[in-house]
Amino acid sequence: MSPQPLDSVKGFAVTFRQLFKKPITQQYPEYKRPVYPRFRGRHRLHRHENGLEKCVGCSLCAAACPADCIRVVAEENTPDNRVSPGERYARIYEINMSRCIFCGYCELACPFDAITLGNEYEISEYSRDDLIYTKDMLLAEPIKKVPVADRDLYDTPIPYYQDHS
Amino acid sequence: MSATETVTLTIDGVAVEVPKGTGLVEAALAAGIEIPVFCYEPRLGPAVGACRMCLCQIEPGPPKPQAACTLTAQDGMVVRTALTSAVAADAQNATLEFILVNHPLDCPVCDKGGECPLQDLTFRYGPGNTRMTFPKRTFEKPIPVSPLIALDRERCILCYRCTRFSEGVAEDGQLVAVDRGAGTMIATFGDEPYRAPFSGNVIELCPVGALTSTTYRFEARPWEILDVPTVCGMCPVGCNVNATTREGNVKRILSRNHPEVDDGWLCDKGRFSYAHLHAEDRVCDPILRVRRRGFEEVSWERALDEAERLLREANGRIVTALSGSETIEEAYALGKLLRRGLGAHTAFFPEESSDALDAFRVPLSAIRDADVVAVLGDAPVVERAPIVELWIKEARRRGARVLYELDEEAVRGAETAILVWCGPGGHGGATVAVLAQRLGLSGAFYIPETANGRGVCDAWSCSDDAESASPDPIGLLIVSGDEAAANPDVRALAEKAERVLVISMFQGLAAGWADLVLPGTSYLERDGTYINLEGRVQRLRRTVIPPVPDELAWISKLAERFDVELSPYPALVFEEVSAIAFGGIPFGEIGERSPLPAATGASAQIELGEADGPAVDGGLRLVRYRPLFSGPAVERVHELDFQRPQPEAELSEEDARSLGVRNGEEITIRSNGTSVRLRARLSRELRPGVVRVSDDFAGELKPAVEISK
Ligand code: SF4
Ligand code: SF4
Ligand code: SF4
Ligand code: SF4
Ligand code: FES
């Protein structure tokens, strides 16, 4: 192709125009962009109102998981150790977050709405081992690693997770 | 059989030709069409048509859908399955809707989930929704039918597979259907556990999660497991099994139907005793006897040094006691190391073995087709080789005469007769081979006591040709395997030996009398081959990685120190044995369903050892037997405790009549000053003059006994 000097000038014109616009860079973590309500982030396991775990350890989430990152080992509830309603509960429930692709299939597969994907996305770690989330971690409130930004500084509505965690 | 007659029929517009007498379900399969079934299972005998899943429109016939599983293919039949017939599809939908009326659909907690025919067929054929809004019928659940089986009556679809198995295959009649109509329930008698050697098969037969294994309960899902095809090493039948493993542990044993060996059945010993892999007293490190402090766990390096020292110090005065549960490769390796490296040729085998029966080699399934089956030897078949008992029962159901005493006329008169020897005096099969030769039969079996006794014996003899006199005194006794370690005769030998080296899985068996204990592995942890009682070479596969190096690995290390060349890989070791003993078949060719080698030509002269057992004049002859649920592995699986033998003595009906003993009565069995009191059980499978007691209760009784009330 022969050189087209005019097109180059047109291109630089776009760049030049941007120089006079207000920057849209947001300071993270001071500012946090809110996520959509159905954003798929860090998982949670849920409990019934009476405190029993919703998960029955059926491994359907593990079957659905395309990254094969869920490990469930079930066990039988006994009168002395009742963890979930019914006969079966998950003794071990682990998600390897370093492999998870946050597709949300596990949530879809779960017949008891026991697992859902929350809105947290700040889940980096210094060690891969720490990315294997255990049942206790998934049942508990997520630990907020990054200081929550000043609410007043948000330029859009309050993020979903702030009201719904 | 002559050229089989065939019939031609049309299924969904596809014309197929099948042999006469083929069931419609199989005929459709031949046409590539599936007729869905729940209750149909040809191995359980005639179809019962209980579930109605297989409804098809069939002409000629009544104008309503018919249960295809109850019909056989006829010439000119026109079958329309749910694929092409709206009537059949409607009927099938209705059937599924009905089955699910009371089904709890608790798939997420149900152990069958993921491998459940009801799930699969509902997904593929069902209406997808229900119109039934009323509450379902509920039962208490789960109900322990036995310590091994849990029953969930809510899930039962009343296909009667389990009861048909119990009634018509195992013939124990313990699992029955009680009550009527929608209230029908599967139950055992009263609260009695289902206590029978084949009970576990109902778990595999049940098409839903109504009968599940308590040992597999909630252990794994079908997508989390790996099934490893191997062979059961608990008895000489060598049933083909799949070992289900998850995360490096065996979770259950399933049958892997070999139609000539096991027909898809397993006994509970083979099915449930895998838990011995995790026995509390499993030896995981070599144990050395040290002065004063007793015993000490040592490193493998140190253990091999010690083993080398023991072997050298014994100066060839070594005796090796084998278990009959080693693989062919292991026995050969041990033999090669000891015989070539040290000139120690003396071995103590668990039992006699002989190749005399090779001329009468037939598959076990031949028993089913025989007209006369003579079961000789007086020991109970079910306790030694349980599946053989199922074949004999099947033969009887098909009209064969089953004799428990040799009636030469009946045997000669039969079109096909099979001899089975189980008990003392069999000389590894020579006795029955002599009989078979005299009677001109083509099939005979000898039931050994150990799983691979024959293979071990062959492998040992392959490993070297030289002979030597038995050393006296014994410098070193090598005890290979747990069965040998538990054998009282071996213990007696150990008393006389200067040093003892034990290879064992369990501390309870080995500690205390050994100078060095090397950890052993189980048949589920080894790669190798076994020879079963038919003479079939079968392949064992390593299903899980053992916590210790397997025998072959360290035997080959030890062999290096004695300049014996020995590969640590079973395939290479087998190659050496095969070249000598099995006509050079390669390891890889043994395959998953190994074929039976052809019978050899009749051997000219079969040598018999000394005469059969001690003669007993007057009185009764006591036959003591090792019960099925015994042995080092079974004793470590507590779920099997309830299967241990009852304090019973079996008597023939004639003897009982002449003694005036009734079934269940307490009797005293006396010999030479000792006596035991046991419950009498009358048996039709025992000839007069013999009384049978399991080793657990026979105490010190001698072979000649007297019975009083
Ligand atoms: S979000 Fe997807 S990848 Fe992550 S655990 Fe769930 S199913 Fe697996
Ligand atoms: S989270 Fe849901 S799908 Fe996963 S094991 Fe628990 S109940 Fe089953
Ligand atoms: S038997 Fe099958 S359909 Fe019934 S609950 Fe179990 S898995 Fe589901
Ligand atoms: S328990 Fe299982 S095998 Fe037995 S009748 Fe019910 S569904 Fe059939
Ligand atoms: S399969 Fe035919 S009625 Fe059950």
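Caption draft 1: Fine view of the overall build of chain B. Within chain B one finds 20 helices and 32 strands. Relative to the 2.2 N^0.38 estimate, which gives 27 Å for 709 residues, the radius of gyration of chain B is 28 Å and therefore close to what a compact globule would have. Oriented by its inertia axes, the alpha-carbon framework of chain B measures out at about 85 × 60 × 50 Å. Across the 709 residues of chain B, 49% fall into the buried class. Contacts in chain B between residues far apart in sequence, at least 24 positions, make up 71% of those at least 6 positions apart.

Caption draft 2: The arrangement of the overall build of chain A in detail. Regarding its fold elements, chain A presents five helices and five strands. For chain A, the proportion of its 165 residues judged to be buried stands at 22%.

Caption draft 3: Broad picture of the environment of E17 of chain B. Residue and element names in this part refer to chain B. Locating E17 in the fold gives a position in strand 2 (residues 14-19). For the pair E17 and A31, spaced 14 residues apart in sequence, the C-alpha to C-alpha distance is 8.8 Å. Among all residues touching E17, those that are not within four sequence positions of it are T6 and T8.

Caption draft 4: Highlighting the site of ligand 3. Neighbouring residues of ligand 3: 13 residues in total, closest C107, C110, C116, V208 and G209 of chain B. Split by residue class, the shell around ligand 3 holds six nonpolar, four polar and three charged.

Caption draft 5: Inspection of the environment of P19 of chain B at higher detail. Residue and element names in this part refer to chain B. Counting through the fold element by element, P19 comes out in strand 2. With 633 residues separating them along the chain, P19 and S652 place their C-alpha atoms 44 Å apart. Aside from chain neighbours lying at most four places away, what touches P19 is T4, E5 and T6.

Caption draft 6: Fine view of the packing of helix 8 (residues 328-342) of chain B against helix 17 (residues 551-561) of chain B. Residue and element names in this part refer to chain B. Interaxial distance between helix 8 and helix 17 falls to 10 Å at its minimum, and their mutual angle equals 15°. Considering their axes alone, helix 8 and helix 17 lie roughly parallel with respect to each other. In this structure, helix 8 meets helix 17 at a crossing whose hand is left-handed. Residues E329, E330, A333, L334, K336, L337 and G341 of helix 8 lie in contact with helix 17, whose contacting residues are E551, L552, I555, S556, L558 and A559. Residue composition of the contact of helix 8 with helix 17, by class: seven nonpolar, two polar and four charged.

Caption draft 7: Broad picture of the site of ligand 1. In the neighbourhood of ligand 1, 14 residues make up the surrounding shell, with C65, C100, C103, Y105 and C106 of chain A lying closest. Of the residues in the shell around ligand 1, the class split is 13 nonpolar, one polar and no charged.

Caption draft 8: Representation of the nonpolar core. Counting 209 residues, the largest nonpolar core has V373 and V420 of chain B as its most contacted members. Per element, the largest residue contribution to this core is seven residues, and it comes from helix 8 of chain B. Ignoring anything within four residues of it in the chain, the contact list for V420 of chain B reads V373, V375, L376, V381, V388, F445 and I447 of chain B. In this structure, C58, C106 and C110 of chain A together with C110 of chain B belong to the second largest nonpolar core, which totals 26 residues.

Caption draft 9: Broad picture of helix 2 (residues 86-99) of chain B. All names here are of chain B. For helix 2, which comprises 14 residues, the first-to-last C-alpha distance of 20 Å matches the rise-based estimate of 20 Å (1.5 Å per residue) to within 8%. Buried within helix 2 we find A88, A91, Q92, T95, L96 and I99. One face of helix 2 carries all of its buried residues, which in axial projection span an arc of 135°. If you follow the buried residues of helix 2, they end up packed against strand 3 (55-59), strand 5 (78-80) and helix 3 (117-125).

Caption draft 10: Main features of the interface of chain B and chain A. Counting residues at the interface gives eight residues for chain B, matched by 14 residues for chain A. For the side of chain B that touches chain A, the residue count by class is four nonpolar, one polar and three charged.

Caption draft 11: Seen up close, the packing of helix 8 of chain B against helix 13 (residues 453-462) of chain B. All names here are of chain B. The geometry of helix 8 relative to helix 13 is characterised by a closest axis approach of 8 Å and an angle of 35° between their N-to-C directions. In this structure, helix 8 crosses over helix 13, and the sense of that crossing is right-handed. Judged by residue contacts, I328, A331, Y332 and G335 of helix 8 engage G455, V456, A459, W460 and C462 from helix 13. Looking at the contact of helix 8 with helix 13 residue by residue, the class counts come to seven nonpolar, two polar and no charged.

Caption draft 12: Layout of the sheet that holds strand 24 (residues 516-519) of chain B. All names here are of chain B. Reading across the sheet, the seven strands line up as 15-14-24-23-22-16-17 and stay open at both edges, with mixed pairing between neighbours. Of all strands in the sheet, those bounded by a partner on one side alone are strand 15 (294-297) and strand 17 (346-348). Pairwise comparison of adjacent strand axes, ignoring direction, gives a mean angle of 20° for this sheet. Where strand 23 (residues 499-504) meets strand 24, four bridges bridge the pair, whose relative direction is parallel. Residue V502 lies in a different strand from strand 24, and its bridge partner there is V517. Packed on one face of the sheet, helix 7 (residues 300-314) meets strand 14 (287-290), strand 16 (318-321), strand 22 (476-480), strand 23 and strand 24 and runs near 130° to strand 24.

Quick notes on the rules
Residues numbered from 1 in each chain as written. Chains lettered and ligands numbered in written order. Predicted model: local features only at pLDDT ≥ 70, side-chain atom pairs only at ≥ 80, totals over all residues. Helix = DSSP H or I, 4+ residues; strand = E, 2+ residues; numbered from the N terminus. Rg over C-alpha atoms; globule rule 2.2 N^0.38 Å. Buried ≥ 20, exposed ≤ 12 C-beta atoms within 10 Å, placed from the backbone. Contact = placed C-beta atoms within 7 Å. Near = placed C-beta within 6 Å. Nonpolar A, V, L, I, M, F, W, Y, C, P; charged D, E, K, R; others polar. Axes fitted to C-alpha atoms, helices over the stretch in contact; angles between N-to-C directions. Parallel < 35°, antiparallel > 145°, perpendicular 65-115°, else oblique. Left-handed = near helix turned anticlockwise from the far one by under 90°. Core = buried A, V, L, I, M, F, W, Y, C linked by C-beta atoms within 7 Å. Expected span 1.5 Å × (residues − 1). Arc of directions from axis to C-beta. Pairing = 2+ DSSP bridges.

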